[in-house]
Structures are given as structure tokens and as C-alpha cells.
Amino acid sequence: MKVIQNPTQYFFEQSNNPSDEYLDKINVFIGKLTNQKQCLLCKQDYNIKDRLPRILIHCGHTICTQCLGNFYRNRRVRCPLCLKLVKHLDSIERLPINHTIFTKMAEEINKKSRLHGGTDIIDPQQYLFTQFQQSAVQAQKIRQQQQNQYPQIDPDSGLEFCEFHNDRVKHFFCMKHKVTCCRVCSDMIHQKKDCIVVDLYEIEDVPAFLNEAYKLNQENNCQNQNIEFLPDDDNNFNDYDLDGELTQNESLKSL
């Protein structure tokens, strides 16, 4: 009996071109799991333009791009079938395309093209790679626009997203520096001994807590500004001391 040490590696090592003996059985089995021709919502046929079959990564349901656009709000999309939520999504185009459905769709298009004497053939792998590149470029532009629009607010907690780590919420508060930060910034910047970091998710009334913390900080600043530093004759450094030091150095040089 063969023991699979790494299931992921085993999966990727499987043949992409199964034998004809199993191909029909595989297609029948997949056909029972998903509708390979039509979107489950709009009942329209998938195509290679605005109705590409895309997979919702948290649940695995496949829905066309056009329908998913209707559920996309604030970098989130909720599956209309099982209500699972995908967060921090730059655009619908960042969701992966269902390769099984797309490859079969491309084969049918190529078959019809050959029957009519056409020469334009769709290469599924090249097409999917091009789509991935375009979505990456678009996502980069969106991130740049978002950085210019910060701070953005997380609708669930009411806290700001980090300006350095766009997908992280600033739900930590440093009592020393009186600033909010995300987990990454907290680990990198606010780990000194005198830094007391509070997780705002554990605070019941966050606005009241922050207002009180900022108020105390302002009071401390005002007290520091009113402190008068009395002159200390022993510690004062004046021009006479400087002249004396220069004279002493000159005498040392002459030795």
C-alpha cells in the first residue's frame, strides 16, 4: 500500500491528460457536481468575456463574473448560494477561473471554429495566464488608489485599515505612543519594554477608551509645557569655560 506523505504534491503530480478509458467517467462525475455550461444564478451560458466561470474560494461554488459583480461591495463578495464571505478582494477578476469549465468551453469553441474553417484557436493555458496578468495589473492600480484614499474604515469594527498593510485593521493601541496600529506594526515597532499594547477587540467601548487615552495624553503634554527648568550653576556651560578649555589644549600642544 502506497503511503502519501504530501497530499498536495500527490495532487499536482496527477496526469492532466487522463486516458480515454477514464475520461468519459470523469466528465459524467464532474457533470453531476456542477453545471458546466450555465451559471447557477442567471441560467446564462458561460462565455470567455463577461461571463467567465469564477470560483468563490471559501466555498468552491462557481458563478459567472457578471452575477458576482452584483454582490461585490467594499472589497467583499458574499456567495449567494451559501452566504460565505470573501474579504479583502481587490476586484472580482482576482477570483480564480474554473479551469475545468473553461477548458471544456474552449474545446467546444475551437471545435466549432474548425468546422467552419476558422483558424483562430483558443489556447486555454495562455488565455488564463493573460487573464491572471491583467487582473494583477488592475489590482495594483486599485491598491495605489486606495493608498491615496486612506484611512479607510473597516465596517465590522469601525477601525481604520493600516496605511502600510492594506489588508490589516489597526486594532492595537500603544499606551506609550498613543497610536493605533495593526498586528504587524505592533510586532515591529511597539515591542519595547515601556510599550503597553492593548487589543481594541477586547475593549467593550472602543471610542470611549480612545477618547480617554487621547485626553490623558493632551493633559500630560500641557503639564510638560508648564515645567520651568531652574538654572544650575554647576551644569551651565558658557563662553568662559570654552575659552579655558581651548587655552588648556594649546598649552598641551606646546609640551
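Residue positions are counted from 1 within each chain, in the order its sequence is given. Under the rules for a predicted model, residues below a pLDDT of 70 receive no local features and side-chain atom pairs below 80 are neither given nor counted, while totals for whole chains, interfaces and linings still include all residues. For side-chain calculations, the full set of non-hydrogen atoms in the structure is used, while hydrogens and water are omitted.

An unreviewed UniProt entry annotates the protein chain as RING-type domain-containing protein originating from Paramecium pentaurelia.

A. Inspection of the sheet that holds strand S6 (residues 172-174) at higher detail. Ordered in space as S7-S6-S8, the 3 strands form an open sheet in which the pairing is antiparallel. With one partner strand each, in any of the chains shown, strand S7 (179-181) and strand S8 (197-199) form the two edges of the open sheet. On average, adjacent strands in this sheet sit at an angle of 30° to one another, irrespective of strand direction. Any two strands with at least two DSSP-identified bridges between them are counted as paired. Here a strand is any run of E in DSSP of at least two residues, a helix any run of H or I of at least four, and the numbering for each starts at the N terminus. Where S6 meets S8, 3 bridges bridge the pair, whose relative direction is antiparallel. Paired with Phe173 across the bridge in S8 is Val198. A fitted line through C-alpha atoms represents every axis, and for helices the fit uses only the stretch in contact; the resulting angles, taken between N-to-C directions, go from 0 to 180 degrees.

B. Representation of the packing of aromatic side chains in the model. Aromatic contacts are taken between Phe, Tyr and Trp rings whose centres are within 6.5 Å, Trp giving its six-membered ring; a plane angle under 30 degrees counts as stacked, one over 60 as edge-to-face, and the others as tilted. Counting across every chain of the model gives 2 aromatic pairs. Look at Phe102 and Tyr127: their rings are 5.1 Å apart centre to centre, the planes differ by 20°, and that puts the pair in the stacked class. A residue pair is termed long-range when its members are at least 10 positions apart, and Phe102 in helix H4 (residues 99-115) and Tyr127 in helix H5 (residues 124-148) qualify at 25 residues. The exposure class assigned to Phe102 is buried, which follows from its relative accessible area of 0%. Relative to Phe209, the ring of Phe173 lies with its centre 5.8 Å away and its plane at 80°, an arrangement referred to as edge-to-face. A residue pair is termed long-range when its members are at least 10 positions apart, and Phe173 in strand S6 and Phe209 in helix H7 (residues 206-225) qualify at 36 residues. Throughout, exposure labels follow a simple rule: accessible area from a 1.4 Å probe, protein chains only, divided by the maximum for the residue type, with under 20% read as buried, over 50% as exposed, and the rest as partly exposed.

C. Here's a closer look at the nonpolar core. By nonpolar core we mean a set of buried residues, namely Ala, Val, Leu, Ile, Met, Phe, Trp, Tyr and Cys, connected to one another through side-chain atoms within 4.5 Å. Counting residues in hydrophobic clusters, the biggest one holds 19 residues, and the most contacted among them are Leu56, Leu68, Val77 and Leu95. Among the elements that line this core, the one with the most residues is H4, at 3 residues. In this analysis, two residues are considered to be in contact whenever any of their non-hydrogen atoms come within 4.5 Å of each other. What Leu56 contacts, discounting residues up to four positions off in sequence, is His61, Ile63, Leu68, Val77, Cys79, Pro80, Val86 and Leu95. Among the nonpolar cores identified, the runner-up in size contains 8 residues, and Val169, Leu200, Val206 and Leu210 belong to it.

D. Broad picture of the environment of Asp156. Relative to the assigned elements, Asp156 resides in the loop between H5 and S6. Accessibility expressed as a relative area gives 53% for Asp156, which makes it exposed. Leaving out residues up to four positions away in the same chain, Asp156 has contacts with Arg76 and Lys87.

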